[in-house]
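Survey of secondary and tertiary structure
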Amino acid sequence: MLSQLLVLFGFFSLVLILIYWINRAVILFDQLIADGQSAGVFLEFTALSLPAVIRLALPLAAFAAAVYVTNRMSTESELTVVQATGYSPFRLARPVLYFGVIVAVMMSVLMHVLVPLSSARLAEREAEIAQNLTARLLTEGQFIEPVDGVTFYIREITPEGELKDIFLSDLRAPEEEVTYTASSAFLVRDVRETQLVMIGGMVQTLRKSDQRLFTTRFEDFAYNIGNLIEAPSAVRLRDSHLSTLALLNPTPELEEATRRTAAELIARGHDRFSQSILGTVAALLGFSTLMVGGYSRFGVWKQITAAIFLIILVKAVETVGLNTARSDPALWFATYLSNAVGFVIVGILLVWASKPAFLTRKPRLEART
């Protein structure tokens, strides 16, 4: 049973990760390629976002594997035969528990190591991309709009860095429209700003009040393009970038840097442990729910529906517990409320499966006169 759970877990994990990854990859492709980034940058960003995707998929895959294996064994009467030999539902749940522990270990590695490291590195790379003027402005053969009201076009960029046939339209001023054209241009950078030096061009200014057009030809003209791109702020430290140890022991400096209270940081740290245990809870919940009711020719669709409902209930309790823990550092234990509720439900279901009359009312015998 454990081997079947692991095989199905691998299959469902692959399917769910692909679904999440494709959704994420489409968004990244639209953002990065449209901004002129290379395929290598796209692959790097995709790889850095993969641990967070896997974190979301593993608990769902564990639940789906437990439900599928239990349903198949029940449909083929394997569970009925095994129980007839004296195996109780608690004994049958042992391989599921082992499977859940394996999932919990994998989740722990993701939550405490891979996800924080990848999130921090992804934030650094996003800041680097935001500072890259070449990727944002220097795109050949395309009309781009770096900010509202400004349109920029370059026909060609030579290997020496010379820009050929420049078109720059600035419509941000309410009283006039300014258009710059030049046969060539160069980017000149200094410490504080970046200048676009245009050679052999013309400035056309349309005054909107009387629709008069003024033209000025120039041999060289410097245009400050630093204001076309918002100055990227320094990478802000987020709680998702911190180690679990730092989250559990917040300092005033850390609270100021992350803009989070001590309660929120502590809750985030304990939530990583809670998320790691969630894979075990999901697997046991899927198994124990399908154990209730026994064999039926009509299948176990009622139990499967109930299992899905119980997972939703556990996630709802998780949200309530996390919000409670964020309100007071002393209430950190509320982050584990969903796990506690999940294990209690699993225990009740297994007792019910062991003793079907446990939660049913026994008929009363009427005394004969």
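Residues numbered from 1 in each chain as written. Predicted model: local features only at pLDDT ≥ 70, side-chain atom pairs only at ≥ 80, totals over all residues. Heavy atoms only, no water.

Description of the overall build of the chain
Scanning the chain from N- to C-terminus turns up 10 helices and 5 strands. Residues classed as buried in the chain amount to 40% of the 369 residues present. Accessible area for the chain stands at about 20800 Å²; split by element, carbon and sulfur atoms hold 61% of it. (Helix = DSSP H or I, 4+ residues; strand = E, 2+ residues; numbered from the N terminus. Buried < 20%, exposed > 50% of the residue type's maximum accessible area, 1.4 Å probe, protein only. Areas by Shrake-Rupley, 256 points an atom, 1.4 Å probe, with all protein chains shown as cover.)

Notes on the pattern of salt bridges
For the structure on display, the rule yields 12 salt bridges. Across the pair R155 and E156 runs a salt bridge, and its minimum N-O distance is 3.5 Å. Its relative accessible area of 32% is what places E156 among the partly exposed residues. It is possible to trace a salt-bridge network through shared partners that takes in E44, R121, E124 and R125. (Salt bridge = Lys/Arg side-chain N within 4 Å of Asp/Glu carboxyl O.)

Describing unusual backbone geometry
Located in the positive-phi region is Q211, a residue other than glycine, with phi close to 60°. Checked against the element boundaries, Q211 lands in the loop between strand 4 (194-207) and strand 5 (212-224). Using a relative accessible area of 54% as the deciding quantity, one classes Q211 as exposed. For R259, which is not glycine, the phi torsion reads 60° and is therefore positive. Relative to the assigned elements, R259 resides in the loop between helix 7 (252-258) and helix 8 (262-291).

Points about the packing of aromatic side chains
Taken as a whole and assessed by the stated rule, the structure comprises 10 aromatic pairs. Seen from their ring centres, Y180 and F221 are 5.6 Å apart, and the 25° between their planes marks the pair as stacked. Here the residue Y180 occupies a position in strand 3 (residues 176-189), and F221 occupies one in strand 5, the gap between them amounting to 41 residues. The exposure class assigned to Y180 is buried, which follows from its relative accessible area of 10%. Taken together, Y180, F218, F221 and Y223 form an aromatic cluster joined through their ring pairs. (Phe/Tyr/Trp six-rings, centres within 6.5 Å; stacked < 30°, edge-to-face > 60°.)

With respect to the pairing of strand 3
Direction of pairing for strand 2 (residues 163-170) relative to strand 3: antiparallel, over a ladder of 7 bridges. Looking at the pairing, L163 lines up with A185 of strand 3. Summarising the sheet, strand 3 and strand 4 pair through 13 bridges and their orientation is antiparallel. Paired with V178 across the strands is T205, a residue of strand 4. (Pairing = 2+ DSSP bridges.)

Points about the side chain of T280
One can find T280 in helix 8. Excluding its chain neighbours within four sequence positions, the residues that come into contact with T280 are L97, G100, V101, A104 and F343. (Contact = heavy atoms within 4.5 Å.)

Regarding helix 9 (residues 301-327)
For helix 9, spanning 27 residues, the distance from its first C-alpha to its last is 40 Å, which sits close to the expected 39 Å at 1.5 Å a residue. Three or more residues of helix 9 are buried, namely Q303, I304, A307, L310, I311, V314, V317, E318, G321, L322 and A325. Against the buried residues of helix 9 lie helix 2 (39-75), helix 8 and helix 10 (337-354). (Expected span 1.5 Å × (residues − 1).)

Some details on the sheet that holds strand 3
Spatially, 1-2-3-4-5 is the arrangement adopted by the 5 strands of the open sheet, whose pairing is antiparallel. Either end of the sheet is taken by a strand with one partner, and the two such strands are strand 1 (150-157) and strand 5. The sheet shows a mean angle of 15° between the axes of neighbouring strands, direction not considered. When strand 1 meets strand 2, the two strands line up antiparallel, connected through 7 bridges. Counted as the bridge partner of V150 is D170 from strand 2. (Axes fitted to C-alpha atoms, helices over the stretch in contact; angles between N-to-C directions.)

Some points on the packing of helix 9 against helix 10
The N-to-C vectors of helix 9 and helix 10 enclose an angle of 150°; their axes lie 7 Å apart at closest approach. Between helix 9 and helix 10, the crossing angle belongs to the class labelled roughly antiparallel. The interaxial crossing formed by helix 9 with helix 10 has right-handed handedness. Mapping the contact onto sequence places L310, L313, V314, V317 and E318 in helix 9 and L337, S338, V341, G342, I345 and L349 in helix 10. (Parallel < 35°, antiparallel > 145°, perpendicular 65-115°, else oblique. Left-handed = near helix turned anticlockwise from the far one by under 90°.)

Here we look at the confidence of the model for the chain
Detailed reading of predicted coordinates is not advised where the pLDDT is low. Mean pLDDT over the chain: 83, with 86% of residues reaching 70 or higher. For the chain, helix 5 (residues 133-137) is the element with the lowest average pLDDT, namely 58, and helix 8 is the one with the highest, namely 91. Note that pLDDT drops below 50 for residues 365-369; the model gives that stretch 0 contacts with residues more than four away or on any other chain. (pLDDT = per-residue confidence, 0-100.)

Here's the deal with a nonpolar patch on the surface
Taken together, the side chains of L97, Y98, V101, V105, V109, V113, L114 and L117 present a nonpolar region at the surface, about 690 Å² in accessible area. Along the chain, V113 turns up in helix 4 (residues 89-130). Using a relative accessible area of 40% as the deciding quantity, one classes V113 as partly exposed. (Patch = residues over 30% accessible without salt bridge, like charges linked within 9 Å, V, L, I, M, F, W, Y side chains within 5 Å.)

Examining the nonpolar core
Within the largest apolar cluster, 42 residues are counted, with the highest numbers of intra-cluster contacts made by F9, F99, L285 and F287. Contributing elements (two or more residues each) for this core: helix 1 (2-34), helix 2, helix 4, helix 8, helix 9 and helix 10. Setting aside residues no more than four positions away along its own chain, F287 makes contact with M1, A66, T70, P89, L92, A93, V96 and L350. Counting residues in hydrophobic clusters, the runner-up holds 19 residues, among them V178, L196, Y223 and I225. (Core = buried A, V, L, I, M, F, W, Y, C linked by side-chain atoms within 4.5 Å.)

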